[in-house]
Amino acid sequence: LALTALTVVGPLLARRQQLRALAWPVRDVVAALAYFALIGLGFMFVEIGLLSRLSVFLGQPTLALALLLGGVIFFTGIGSLLSQRIAPGVRGWALGYPLIPGLLVLLVAVCAPGLIQAFASAPTATRALLSLGVLMPPALGMGLCFPLGLRLCEQLERVRHAAQAPRLGPWLWCINGAFGVCASGLGLMTSMTWGITCTLLIGAACYLLLPLATLRLAH
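Residues numbered from 1 in each chain as written. Predicted model: local features only at pLDDT ≥ 70, side-chain atom pairs only at ≥ 80, totals over all residues. Heavy atoms only, no water.

## A few points about a nonpolar patch on the surface
Then comes step 1: Residues L65, L69 and I73 make up a contiguous nonpolar surface patch of about 270 Å² in total accessible area.
Then comes step 2: For L69, the location among the structural elements is in helix α4 (residues 61–82). (Patch = residues over 30% accessible without salt bridge, like charges linked within 9 Å, V, L, I, M, F, W, Y side chains within 5 Å. Areas by Shrake-Rupley, 256 points an atom, 1.4 Å probe, with all protein chains shown as cover. Salt bridge = Lys/Arg side-chain N within 4 Å of Asp/Glu carboxyl O. Helix = DSSP H or I, 4+ residues; strand = E, 2+ residues; numbered from the N terminus.)

## So, the pattern of salt bridges
Then comes step 1: Throughout the structure, instances matching the rule amount to 1 salt bridge.
Then comes step 2: With its nearest N and O atoms 2.6 Å apart, the salt bridge here joins R216 to D28. In this pair, R216 is assigned in helix α10 (residues 211–217) and D28 in helix α3 (residues 26–58), connecting sequence segments 188 residues apart.
Then comes step 3: For R216, a relative accessible area of 29% gives the class partly exposed. (Buried < 20%, exposed > 50% of the residue type's maximum accessible area, 1.4 Å probe, protein only.)

## Digging into the nonpolar core
Then comes step 1: In this structure, Y35, F36, I39 and L50 are the most contacted members of the largest nonpolar core, which totals 58 residues.
Then comes step 2: When contributions to this core are tallied by element, the ones reaching two or more residues are α3, α4, α6 (99–118), α7 (124–159), α8 (169–194), α9 (196–208) and α10.
Then comes step 3: Tallying contributions element by element places α3 first for this core, with 18 residues.
Then comes step 4: For F36, the contacting residues outside a window of four places in its chain are F146, G149, L150, C153, L172, I175 and N176. (Core = buried A, V, L, I, M, F, W, Y, C linked by side-chain atoms within 4.5 Å. Contact = heavy atoms within 4.5 Å.)

## Section: the packing of aromatic side chains
Any aromatic ring pair is given by two values, namely how distant the centres are and how the planes are angled relative to each other.
Then comes step 1: Under the defined criterion, the tally for this structure stands at 4 aromatic pairs.
Then comes step 2: Ring centres of F36 and F146 lie 5.4 Å apart, and the angle between their planes is 85°; this geometry places the pair in the edge-to-face category. Within this pair, whereas F36 is found in helix α3, its partner F146 is found in helix α7, the two being separated by 110 residues in sequence. Of the two residues, F36 and F146, neither departs from the other in class, the shared state being buried.
Then comes step 3: Among the aromatic residues, those joined into a cluster by ring pairs are Y35, F36, F146 and W173. (Phe/Tyr/Trp six-rings, centres within 6.5 Å; stacked < 30°, edge-to-face > 60°.)

Structure follows, in structure tokens:
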């Protein structure tokens, strides 16, 4: 948590003179920072929640981890490709696309326990395929958010004519990664303390809060 805080405060202090000259209003910088912090937190809360759920369902933590990592990477990659069809700068899209992963995670959080109970005695291969089916919807939705967020910020930089100002892109990558690492530990803690469903709901909430940032960034 302390190191993650430094990734936010450190650049602000080190480059405060340059940031004062930034063509973006402070609210836009805060919106961009919040957006990438939320998707870093949300992604890892969802991933940790799904890993915990699949470990119980499959009964083999190593198999659950392999399916989770492979499935999430594959389906988020497809989601990133699909993001090219969305115009994030349009206010309607800016409001709508962040809701997609949040709603899909909510769907999985509500429906997965019943599916797991119904197929608890199925063969391992069947449970593995069902696990990939559970992973697919939220992973596709989550894959949209990072590339579309970068495009929103790049468009805003062009609109603000901020070519001479410090670029926010590298810092936003840093914010996303730092909050993701932070959330990996927090996700385990919430799963053990309040249950797997709570962890998934926190992840969904992170994505459902994104329109507060995207509506500010979409001009």
